[in-house]
Amino acid sequence: MSEAREISIRDALNEAMSEEMRTDENIFLMGEEVGSYNGAYKCSRGMLDEFGAKRVIDTPIAENGFAGIGVGAAMAGLRPIIEFMTFNFSLIAIDQVINSAAKGRLMSGGALECPIVFRGPSGATFQVGAQHTNSFDGIYANTPGLKVIAPSTPHDMKGLLKSAIRDDNPVVFFESELTYSLKGHVPEEEYVIPIGEAEVKREGTDITLITWSKNYFLTEKVANALAEKGISAEIVDLRTLRPFDKETVLNSVAKTHRAVVIQEMYEIASYGSYIAHVIQSEIFDELDAPVGLVSSLEVPMPYSKVLEPVILPSVERCVAKVMKTLEGAL
């Protein structure tokens, strides 16, 4: 096996798309600024030069239009990758994603497949205001017919995006604007990561911390802060939200007997609330305390730089929730 290279998330995504496009001429990339501008976040750098304008397609600012074109192309036998400049803009196209892509196979009695990937950044960045900071993980994970992926590291981004492109179902693939430049080890050789498998990224004995997407990096900081207090935290990175890897989560919590979920979503009707429900309903007897949940505060995100970190999950809030969970034995 060859040694791993250290590359950024944007380069890992670029490699995943380019490698798959070289092996299957039915794959194409479509979205705003993906071609001549090399991508809003440079994830498609060089792809227009390699694959040409028929397979790397710049679009107008019309998400409903190009998402719909992608869905139709997928149902006709192609394999589109649709890039949203941000998933906040996917609201314009949500009918195409949920009502057309996710439900097409069922409503056609299995006659239509829809092998399409909708990808782009989701969640908060820095000072972009309330309309550009939404976390839509739970909305799409709430939709049968979709597969929903939210990786964290360059290794996971590349392996899961390749799996998503090869999948015959519609896939929603969440990235993060704040981590595109983050580097990590990625193998030289061909590899894929199966959709629907969480990963224990840090072994621990006292409490399980469950998270996904860019909050994995926050959770590592939380685990380090806890280690300074003599607390051993295990980290489960879900990587995929739908399907949900219940077995990995439950096995970890059964080992540590306590859990805290860390998410950027709001708490009400959230994916983290669902995880807490699954744990408490399926392995209640293994728990020494109720499952903790750290979320964004229940307000639209202000533009104010000093208020953003107050609203988003922080190391301090997460550590406080862990300490409360450790003290709250049943």
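Cut-offs applied
Residues numbered from 1 in each chain as written. Predicted model: local features only at pLDDT ≥ 70, side-chain atom pairs only at ≥ 80, totals over all residues. Heavy atoms only, no water. Helix = DSSP H or I, 4+ residues; strand = E, 2+ residues; numbered from the N terminus. Rg over C-alpha atoms; globule rule 2.2 N^0.38 Å. Buried < 20%, exposed > 50% of the residue type's maximum accessible area, 1.4 Å probe, protein only. Core = buried A, V, L, I, M, F, W, Y, C linked by side-chain atoms within 4.5 Å. Domains from an automatic or database assignment. Contact = heavy atoms within 4.5 Å. Pairing = 2+ DSSP bridges. Axes fitted to C-alpha atoms, helices over the stretch in contact; angles between N-to-C directions. Phe/Tyr/Trp six-rings, centres within 6.5 Å; stacked < 30°, edge-to-face > 60°. Lys NZ or Arg CZ within 6 Å of the ring centre and 35° of its normal. Right-handed = clockwise from strand over helix to strand, strands pointing away. Salt bridge = Lys/Arg side-chain N within 4 Å of Asp/Glu carboxyl O. Buried area = accessible area lost by both parts, 1.4 Å probe. Polar contact = N/O pair within 3.5 Å; in protein donor to acceptor, adjacent residues only side chain to side chain. Nonpolar A, V, L, I, M, F, W, Y, C, P; charged D, E, K, R; others polar.

Describing the overall build of the chain
When you go through the chain residue by residue, the secondary structure sums to twelve helices and 14 strands. For 330 residues, the compact-globule formula gives about 20 Å, and the C-alpha radius of gyration of the chain, at 20 Å, lands near that figure. Projected onto the principal axes, the alpha-carbon positions of the chain cover approximately 60 × 45 × 45 Å. Residues classed as buried in the chain amount to 55% of the 330 residues present.

So, the nonpolar core
In terms of nonpolar packing, the biggest core is built from 48 residues, with F118, Y140, I210, L238 and I279 touching the most fellow members. Both of domain 1 (2-185) and domain 2 (199-325) provide at least three residues apiece to this core. Other than its neighbours up to four places away in sequence, Y140 contacts F87, S90, I94, V97, I98, L146, V148, V172 and F174. In this structure, M17, V56, F173 and I193 belong to the second largest nonpolar core, which totals 30 residues.

Focus on the sheet that holds strand β6 (residues 147-149)
Strand order in the open sheet formed by seven strands is β3-β2-β4-β5-β7-β6-β12, and the pairing between neighbours is mixed. Sheet topology places β3 (56-58) and β12 (240-242) at the edges, where each strand pairs with a single neighbour. Averaged over all pairs of adjacent strands, the angle between their axes in this sheet comes to 20°, without regard to strand direction. The pairing of strand β4 (residues 79-83) with strand β5 (residues 117-121) spans three bridges and is classified as parallel. Bridge pairing in β5 places I82 opposite F118. Helix-sheet contacts for helix α1 (residues 9-23) involve β2 (27-31), β3, β4, β5 and β7 (171-175), and the interaxial angle to β2 is about 135°.

Topic: the packing of aromatic side chains
On inspection of all chains with the given rule, the structure shows twelve aromatic pairs. Seen from their ring centres, Y41 and Y180 are 5.0 Å apart, and the 25° between their planes marks the pair as stacked. With Y41 in the loop between β2 and α2 (47-51) and Y180 in the loop between β7 and β8 (183-187), the pair connects residues that are 139 residues apart, well separated along the chain. Assigned by exposure class, Y41 and Y180 land together as buried. Between F84 and F87, the ring centres sit 5.5 Å apart and the planes meet at 70°, which makes this aromatic pair edge-to-face. Grouping residues by exposure puts F84 and F87 together as buried. Taken together, F66, F84, F87, F118, Y140 and F174 form an aromatic cluster joined through their ring pairs. One cation-aromatic arrangement involves K42 over Y37; the distance from NZ or CZ to the ring centre is 3.5 Å. When the ring centre of Y216 is taken as origin, the NZ or CZ atom of K201, which lies over that ring, is 5.5 Å away.

Things to note about unusual backbone geometry
Backbone torsion omega between R242 and P243 reads 5°, so that peptide bond is classified as cis. In this fold, P243 is placed in the loop between β12 and α9 (246-256). Its identity is not glycine, yet R239 carries a phi of approximately 65°, on the positive side.

Notes on the pairing of β7
Counting buried positions along β7 yields five of five residues, so the element is predominantly enclosed. Neither face of β7 is exposed, since V171, F173 and E175 on one face and V172 and F174 on the opposite face are all buried. The pairing of β6 with β7 spans three bridges and is classified as parallel. By the bridge assignment, K147 is partnered in β7 with V171. Once you follow β6 into helix α7 (residues 154-166) and on to β7, the crossover reads as right-handed.

Section: the pattern of salt bridges
Counted according to the given criterion, the structure contains 27 salt bridges. For K158, the salt bridge goes to E19, with nearest N and O atoms at 2.8 Å. Of the two residues, K158 is situated in helix α7 and E19 in helix α1; the sequence distance between them amounts to 139 residues. Overall, K158 belongs to the buried group, its relative accessible area being 2%. Through salt bridges with shared partners, a single network forms among R5, E15, E19, E20, K158, K162, R166, E188 and E190.

Some points on the pairing of strand β14 (residues 292-296)
With five of five residues buried, β14 lies mostly within the body of the structure. Taking the sense of rotation as the criterion, the β-α-β connection linking strand β13 (residues 259-266), helix α10 (residues 271-282) and β14 turns out right-handed.

A few points about the domain arrangement of the chain
In many analyses, interface size is given as the accessible surface area lost on bringing the parts together. Once the domains are mapped, the chain shows domain 1 (2-185) and domain 2 (199-325). When each unit is reduced to the centre of its C-alpha atoms, the spacing between domain 1 and domain 2 is 26 Å. Across the boundary between the two partners, domain 1 contributes 31 residues, which contact 22 residues of domain 2. Where domain 1 abuts domain 2, roughly 2,200 Å² becomes buried across the two surfaces, and 57% of that area is made up of carbon and sulfur atoms. Contact with domain 2 buries surface across domain 1, with Q127, A150 and S152 losing the most and accounting together for 26% of the total. Applying the counting criterion to the domain 1 and domain 2 interface returns two salt bridges. K201 serves as the salt-bridge partner of D156, at 2.6 Å between the closest nitrogen and oxygen. Where domain 1 touches domain 2, the interface holds 16 residue pairs in polar contact (both at pLDDT 80 or more). Mapped by element, the contributors of at least two residues to the side of domain 1 that touches domain 2 are α6 (137-141), β6 and α7. Looking at the side of domain 1 that touches domain 2, its residues break down into 14 nonpolar, 14 polar and three charged.

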